[in-house]
Amino acid sequence: MLGPADWVIWMLGTLFEAAVVVCALHRKSLRRYFFLNLYMLFSVFVSLGRFQVLLHSGRSSVEYRYFYFYSDALLTIVLYFALISLYLLVFQELHVERYLRMGAVLLLAGTAWFSYAVVSQSSHRMLTHFAFELSQNLYFVGMVLTYVLWGAILKLRETRALLVQLVLSLGVYFSTFAASYAMSNLRPDLFSHITYLFPIVACLLPLSWAYGFWRVAEDARIVPARLAVVPR
Amino acid sequence: MMAGIILVCSVVLFLQFFVFYCRSLIAVSSKQVLSPEVQDVTGISRTASGEDFARVMQLLQLCPERPEDRKSIQAIGAYFSLLNFLRSTIARMVPSMRVWTESERGHCAYFAAVALERRISFSRDMLVQQMDA
């Protein structure tokens, strides 16, 4: 049975995801941030699918867990490409798109191979564990790549406020998920307690992106170096 | 061991991204000039101090909520709490940190004042729409 918390989390998450696409459409930023919006659109469909499974089988069911982690692996791959599209925007003027795309595909293949190598040694239900392992590793890779991108933004003196906010909120999202996965690896007994944490954290990214598309003007500028100033 | 390292890295990077994200929200709003009436109500003209934050937040809660700015206000509220924590711990020992936390707290108060301005104009628009209807 679905509790009120399940309803609220599902409803808010799906609404925020749809809101990103609507806000981007309203601001005519859909094409510019195509992969980000594609990810949000996929997320809406996956949310609907998860809801169906949740309704029929419940949150603690094996079916829900299977559906959750398989769909999460797919979504993480799309989010990875959304991150690469932000790289392409930041490095637009350096004309290195070809190398970035090639590097991104190689890194994704390397992560998939590493995940396969890890699960092939220790698992009999390989495909399920592969999906979990791939998601977990991609969150970590995503977090590191976002940090590198933030470094590039500082170095290249990128000033587009919307782009900066999109990258930083993506960093918050990736690092929260990477920490949650690491925590559930360290203490597997905590997994049942943090099942609510994943969908709650998943609401934060669409919310911050929707806010960015809605409130931050395309031509708004900030100086990222000033955001990173800390006292010594 | 590996999971522990990943957890520590993730938490450190999360804190960094969270702080930078909050500061980017503040930076975007800091360019907005407050209207004379909001300056009168809040007592903030150009620069705000951290002490104004609680008062401006109370004023914010008196206005009807706008769904699109709710979470950013909560994020800044969490950032303000983090700054208060730093102010009462590390900043006591590092004077430059104390100056920095004070200035950041002031920026948070200014952000809240800008949000107040938006909520007031939102309420006004709603009132006009109701009167028209």
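Scope of this entry: the structure provided in the associated data block. (Residues numbered from 1 in each chain as written. Chains lettered and ligands numbered in written order. Predicted model: local features only at pLDDT ≥ 70, side-chain atom pairs only at ≥ 80, totals over all residues.)

### Details of the overall build of chain B
Our working rule: By definition, any uninterrupted DSSP run of H or I lasting at least four residues is a helix, any uninterrupted run of E lasting at least two residues is a strand, and each is numbered from the N terminus. Each residue is represented by a C-beta atom placed from its backbone, and any two residues with such atoms within 7 Å are regarded as in contact.
For chain B, the count of helices and strands is five helices and zero strands. Each helix and strand of chain B, placed in order from N terminus to C terminus, yields the pattern α-α-α-α-α. Projected onto the principal axes, the alpha-carbon positions of chain B cover approximately 65 × 35 × 25 Å. For chain B, contacts bridging at least 24 residues in sequence account for 79% of all contacts bridging at least 6.

### Let's talk about the interface of chain B and chain A
In this complex, chain B contributes 23 residues to the contact, which on the side of chain A involves 30 residues. With 16 residues, the top contributor of residues to the side of chain B that touches chain A is helix 1 (residues 2-30) of chain B.

### What to know about helix 3 (residues 52-62) of chain B
Residue and element names in this part refer to chain B. Spelled out, the test is: The exposure scheme places C-beta atoms from the backbone and then counts, for each residue, the other C-beta atoms within 10 Å of its own, assigning buried at 20 or more, exposed at 12 or fewer, and partly exposed in between. Our arc is simply the arc of the directions from the helix axis toward the C-beta atoms.
The complete set of buried residues in helix 3 reads Asp 52, Phe 53 and Val 56. Down the axis of helix 3, the smallest arc covering the buried residues is 95 degrees, so these residues share one side. Opposite the buried face of helix 3, by more than 90 degrees, sit the exposed residues Ala 54, Gln 58, Gln 61 and Leu 62. For helix 3, the secondary structure elements touched by its buried residues are helix 2 (36-42), helix 4 (67-88) and helix 5 (95-132).

### Let's talk about unusual backbone geometry
Most peptide bonds take the trans configuration, and most residues that are not glycine carry a negative phi. All names here are of chain A. Its identity as a non-glycine residue notwithstanding, Lys 28 has a phi of 55 degrees, on the positive side. For His 95, which is not glycine, the phi torsion reads 50 degrees and is therefore positive. Mapped onto the elements of the fold, His 95 is located in the loop between helix 3 (62-90) and helix 4 (97-122). Given 8 C-beta atoms within 10 Å, His 95 falls into the exposed group.

### Re helix 4 of chain A
What counts here: Helices are assigned an expected span. That span is 1.5 Å times one less than the residue count.
In this model, helix 4 of chain A (26 residues) spans 38 Å end to end at C-alpha, consistent with the 38 Å of a helix rising 1.5 Å per residue. Structurally, helix 4 of chain A contributes buried residues whose contacts are with helix 5 (126-155) of chain A.

### Topic: the nonpolar core
We count it as follows: Note on definitions: a nonpolar core is a set of buried residues drawn from Ala, Val, Leu, Ile, Met, Phe, Trp, Tyr and Cys, linked by C-beta atoms within 7 Å.
Membership of the largest hydrophobic core comes to 90 residues, with the highest contact counts inside it found for Val 20, Val 167 and Ala 178 of chain A together with Ile 76 and Ala 112 of chain B. Looking at which element gives the most residues to this core, the answer is helix 6 (residues 161-186) of chain A, with 17 residues.

### Re the environment of Arg 23 of chain B
All names here are of chain B. Relative to the assigned elements, Arg 23 resides in helix 1. A tally of 23 C-beta atoms within 10 Å means that Arg 23 is categorised as buried. Note: C-alpha distance between Arg 23 and Cys 108 (85 residues apart in sequence) is 8.8 Å.

### Comments concerning the packing of helix 6 of chain A against helix 1 of chain B
Here is the rule: Fitted lines through C-alpha atoms give the axes, limited to the stretch in contact for helices. The angle between two N-to-C directions lies from 0 to 180 degrees. Here the word oblique covers every angle except those under 35 degrees (roughly parallel), over 145 (roughly antiparallel) and from 65 to 115 (roughly perpendicular). Here a crossing is taken to be left-handed if its near helix is turned anticlockwise relative to the far helix by less than a right angle, and right-handed if that turn runs clockwise. Polarity classes work like this: nonpolar for Ala, Val, Leu, Ile, Met, Phe, Trp, Tyr, Cys and Pro, charged for Asp, Glu, Lys and Arg, and polar for all others, with Gly in that last group.
Here helix 6 of chain A crosses helix 1 of chain B at 155 degrees, and the two axes come no closer than 8 Å. When the interaxial angle is binned, helix 6 of chain A and helix 1 of chain B end up roughly antiparallel. In this structure, the crossing between helix 6 of chain A and helix 1 of chain B has a hand that is left-handed. Grouping the constituent residues of the contact of helix 6 of chain A with helix 1 of chain B by class yields 20 nonpolar, nine polar and no charged.

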